[in-house]
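Working through the structure, step by step
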Amino acid sequence: MILRFLGAAHEVTGSCFYIDMAGHHILVDCGMEQGPDEYENQDIPVAASEIDAVLLTHAHIDHSGKLPLLYKRGFRGAIHATGATCDLCDIMLRDSAHIQMFEAEWRNRKAKRSGHGEFEPMYDMEDAEGAIKCFVPHSYGERFTLMEGVDVCFTDAGHLLGSASIEIWLTEDGTTKKLVFSGDIGNMNKPIVKNPQYTSDADYVVMESTYGNRSHGGTPDYVTELVRIFERTFNRGGNVVIPSFAVGRTQEILYFIRKIKQDHLIDREFDVYMDSPLAIEATNIFQKNVDMCFDEEAMALVKGGINPLTFPGLKFAVTGEESKLINFDPKPKVILSASGMCEAGRIRHHLKHNLWRPECTILFVGYQAVGTTGRIIVDGADEIKLFGEPIKISAEIVQLQGASGHADKEGLIRWVSQFEKKPKKVFVVHGEDSVCDEFTECLRTEHGFNAEAPYTGASYDLIAGEWLTEGNRKKRERRSVNKRNQGVFDRLIAAGKRLMTVIQHNEGGANKDLAKFADQINALSDKWSR
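Counting starts from 1 at the beginning of each chain's written sequence and moves along it residue by residue. For this predicted model, a pLDDT threshold of at least 70 governs which residues receive local features, and a threshold of 80 or more governs which side-chain atom pairs are given and counted, while totals over whole chains, interfaces and linings are taken from all residues. The side-chain figures draw on all heavy atoms in the structure; neither hydrogens nor water molecules are used.

Helix and strand definitions follow DSSP, with helices as H or I runs of at least four residues and strands as E runs of at least two, each counted in order from the N terminus. Helices and strands together make up the secondary structure of the protein, namely 16 helices and 23 strands. The globule rule is 2.2 Å times the number of residues to the power 0.38, and the radius of gyration it is compared with is taken over C-alpha atoms. Over its C-alpha atoms the protein spans a radius of gyration of 25 Å, differing by no more than 12% from the 24 Å that the globule rule assigns to 530 residues. The criterion used for residue contact is that any of the two residues' heavy atoms lie within 4.5 Å. Partitioning the intrachain contacts of the protein with sequence separation of at least 6 by distance along the chain shows that 74% fall at a separation of at least 24. All accessible-area figures derive from a Shrake-Rupley calculation using a 1.4 Å probe, and residue coverage is judged against the displayed protein chains alone. Accessible surface, the protein as shown: approximately 24,700 Å² in total, 49% of it carbon and sulfur. Note that His is not counted, nor are the chain ends; the positive residues are Lys and Arg, and the negative ones are Asp and Glu. The location of each charge is read from NZ of Lys, CZ of Arg, CG of Asp or CD of Glu. Each charge class in the protein can be summarised by its mean position, and for the 61 positive and 76 negative side chains these summaries are 7 Å apart.

Here it is in structure tokens:
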């Protein structure tokens, strides 16, 4: 009865865990990494065709995004999740496949010009559709037999529509051990979804630690804070651009804006553009899962005939052309677009059009992983590169404090403290490198838990109660810049500044000469673009 940690160990994303028991091979999550890869994740130790089943905590891509790759490599088992998670993965995995194919097409155009080989996408739409057909839906609280010796139950984790903690009863040679995966534990008092539900008993717990060293500072008044941000931006004549996860955070922001408009808290009319086909589809799925997932406040609105996710002035951009037209609308407005960490999607175009404008506001409403575009902006960069073009950051940068979908340190401790008897061991995962260690130490010294933070590749015998392998503690090597190289790079920066001066001095020149100059610069950029 072996538990192996394959992903999200001393890292936030790339969730993947492997259970080997009595000849059965089970995965819990199969997620994609987002942002830099601090540690080299270990491969699944058996062929994909040998995996009997996957248990999925929720639909976010860092938990589900490699399921189509698993299918591509031969997996044909069942993927078990809540009904709402099945619905969301139906659209999210297709969207992920579209992104993979689009990126491969872009890279191949670039490679063709430079004479490099063809780039193959991680997976395509056929793989995503194959994986989607493997999904089996379950209700919260339904204990079912996955296979001989394995029972499973999903509990509402309060993080996202359909998100779950997973209880697993494993029986081998007459010995039963209960293993609980926390999944992503939700923040308290969030709109729409219910608060996290607790589990009372476990032998072993695998729990997240995303905010394991931080407090959200209580539940803020989101509506009042949004009103302040919107008003001061509109008064400057600017736009509020919100990089928002298409599933979960977008719907929460719509919920707050509906209240702002209903109560006339801003003394002007303004439009809200939802520029994400995925977010539009996800919003429809939210409305489909009202009975199973909505909290009491949202249910009261629905029973009163009020749609909590729509309001006057809400506009949808489905096509690329509709998306482009948003930036030609001169009126101050709110733009909601994905992805939430600004790593892909239409949000990057809106950043390009608004980041350099001091009258605009870029409002971050969710976690930004280290190394992502969103994190670089939040950390105070003066400039960022988008589509190969440097963009000066002059807009107001704001984070909506406490808006995370993840529990903070107090919420995590509250969750793990609900076990009536302390588990034999708590495995701390899903946190930045130092956060995993800090939260583990907190559980040990302040709360008396036997806690450890495993590294990728570590394996543990659940019956013997001992480590079999330690895992990989070595970080990926990063390219270092020596002083000599830095000096040369400084010369390159100086040359670039000189080029900008030359360009400005040529203003007013003959069109023929300017066109030739532009072609030369573009050719040089194509040669050195990385």
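What follows concerns the sheet that holds strand β4 (residues 53-55). In any sheet, the strands associate via hydrogen bonds between backbone groups, in a parallel or an antiparallel arrangement. One requirement defines pairing of two strands: DSSP has to find at least two bridges between them. What the 8 strands build is an open sheet, ordered β6-β5-β4-β3-β2-β1-β22-β23; its pairing is mixed. Either end of the sheet is taken by a strand with one partner, and the two such strands are β6 (135-138) and β23 (466-469). On average, each strand axis in the sheet is inclined to that of its neighbour by 25°, with strand direction left out of account. Both β4 and strand β5 (residues 78-82) contribute to a ladder of 3 bridges, which runs parallel. When the bridges of β5 are listed, Ala-53 appears paired with Ala-78. To obtain each axis, a line is fitted to C-alpha atoms, and for helices this fit is confined to the stretch in contact; angles are then taken between N-to-C directions over 0 to 180 degrees.

Right, let's talk about the pattern of salt bridges for a bit. Salt bridge, as used here, is a side-chain nitrogen of Lys or Arg placed within 4 Å of a carboxyl oxygen of Asp or Glu. Under the definition given, this model contains 25 salt bridges. With a shortest N-O distance of 3.0 Å, Arg-236 and Glu-396 are connected by a salt bridge. Of this pair, Arg-236 sits in the loop between α5 (222-235) and β12 (240-243) while Glu-396 sits in strand β19 (residues 396-399), and the two are 160 residues apart along the sequence. Residue classification places Arg-236 among the partly exposed positions, given a relative accessible area of 35%. The classification of residues rests on relative accessible area computed with a 1.4 Å probe and restricted to protein chains. Under 20% of the type maximum is buried, over 50% is exposed, and intermediate values are partly exposed. The class of Glu-396 is partly exposed, set by a relative accessible area of 21%. One salt bridge in this structure joins Asp-263 and Lys-259, with 2.9 Å as the shortest N-O distance. Among the charged side chains, a network of salt bridges with common partners joins Asp-90, Arg-94 and Glu-129.

The residue Gly-77 is located in the loop between α2 (67-72) and β5 in this model. For Gly-77, a relative accessible area of 19% corresponds to the buried category. Sequence separation of Gly-77 and Phe-135 is 58 residues, and the distance between their C-alpha atoms is 9.1 Å. With near-sequence residues (within four places) excluded, Gly-77 lies in contact with Asp-52 and Cys-134.

Any functional reading would require information beyond the geometric quantities listed.
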